[in-house]
Amino acid sequence: MECKTHSIDRPRSGYTLVELMIALALSVMMLFAVVIFIVYISQGATSVVNHVVMETKSQTAADHLSQSIRGVRCLTAYTTNSLSFLDYDSNTLQVVYDPVGRTLSVTKTNVTTTLLPYCSSLQFTLMQGTISPGVFDATNTTTAVTNCQMVLLNWTCSINVTMSQSSNTNLESLQCAKIVFRNY
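Each value, and the rule that gives it
- Residues numbered from 1 in each chain as written.
- Predicted model: local features only at pLDDT ≥ 70, side-chain atom pairs only at ≥ 80, totals over all residues.
- Heavy atoms only, no water.
- Helix = DSSP H or I, 4+ residues; strand = E, 2+ residues; numbered from the N terminus.
- Contact = heavy atoms within 4.5 Å.
- Areas by Shrake-Rupley, 256 points an atom, 1.4 Å probe, with all protein chains shown as cover.
- Phe/Tyr/Trp six-rings, centres within 6.5 Å; stacked < 30°, edge-to-face > 60°.
- Buried < 20%, exposed > 50% of the residue type's maximum accessible area, 1.4 Å probe, protein only.
- Patch = residues over 30% accessible without salt bridge, like charges linked within 9 Å, V, L, I, M, F, W, Y side chains within 5 Å.
- Salt bridge = Lys/Arg side-chain N within 4 Å of Asp/Glu carboxyl O.
- pLDDT = per-residue confidence, 0-100.
- Core = buried A, V, L, I, M, F, W, Y, C linked by side-chain atoms within 4.5 Å.
- Expected span 1.5 Å × (residues − 1).

Secondary structure assignment for the chain yields one helix and nine strands. Restricting the contact set of the chain to residue pairs at least 6 apart, pairs at least 24 apart contribute 48%. Only carbon and sulfur atoms are counted for the fraction: they give 58% of the accessible area of the chain, which is about 12500 Å².

Next up on the list: the packing of aromatic side chains. If you walk through the whole model with that rule in mind, you get one aromatic pair. Summarising the aromatic geometry, the rings of Phe85 and Phe181 are spaced 5.7 Å apart at their centres and angled 85° between planes, so their arrangement reads as edge-to-face. Within this pair, whereas Phe85 is found in strand E2 (residues 82–86), its partner Phe181 is found in the segment after strand E9 (168–180), the two being separated by 96 residues in sequence. For Phe85, a relative accessible area of 0% puts it in the buried group.

What follows is about a nonpolar patch on the surface. A cluster of nonpolar side chains, namely Val34, Phe37, Ile38, Tyr40 and Ile41, defines an oily patch on the protein surface of about 550 Å² accessible area. Relative to the helices and strands, Val34 resides in helix H1 (residues 17–70). By relative accessible area, Val34 is classed as partly exposed at 44%.

So, on to the confidence of the model for the chain. Taken residue by residue, the chain gives an average pLDDT of 82. The fraction at 70 or more is 80%. The lowest-confidence element of the chain is strand E7 (residues 140–142), averaging 73 in pLDDT; the highest-confidence one is strand E3 (residues 92–98), averaging 93.

This next bit is on the nonpolar core. Ranked by internal contacts, the top residues of the largest apolar core, which has 29 residues, are Leu65, Phe85, Val95 and Trp155. The residues touching Val95, leaving out its near neighbours within four places in the chain, are Leu65, Ile69, Asn81, Ser82, Leu83, Phe85, Leu104, Ser105, Val106 and Phe124.

All right, on to the environment of Thr142 then. Take Thr142: it is sitting in strand E7. Each C-alpha atom, one on Thr142 and one on Thr125, is 7.9 Å from the other, the two residues being 17 residues apart in sequence.

The terminal C-alpha atoms of H1, which comprises 54 residues, lie 79 Å apart, in line with the 80 Å expected from a rise of 1.5 Å per residue. Along H1, the residues that are buried comprise Ser47, Met54, Ser58, Ala61, Ala62, Leu65, Ser66, Ser68 and Ile69.

Given below as structure tokens:
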């Protein structure tokens, strides 16, 4: 009796080692690209959030200063880093810029409120002149506190945001406020 073996040709299933290595390499490259994209997007979002926070603090400081200074009776003292006012309630109101601490603060009745962190520069300008209704401007600068009718404040805020170990970004915000004394 003769024994015959029959082989049935079946299609091969599975992957060869070369195919598996190529698929693995492509998967790693895709995963790497996704990670880089996520890091890039998160850095951009961090930058935008920091800029919005800085702009919001700057606008809040401008609003607070405007509200506080408009109600003063007069300016009593002036230096390059501070203004002192006699407030409507006969208390002293002080606006102080600390260039070392990079802060702008307001002090009234021994209570100090920091209005603005990250303030890298601030300039006070005292203004005098005729202020007409509907015209929000005074053209003459003065150094005499008794002649001051308006204060011009210009400040710059900046923050250094570390994006990665090798890249830093400076965000800046510029603000200007003209504040007229109502009780002059």
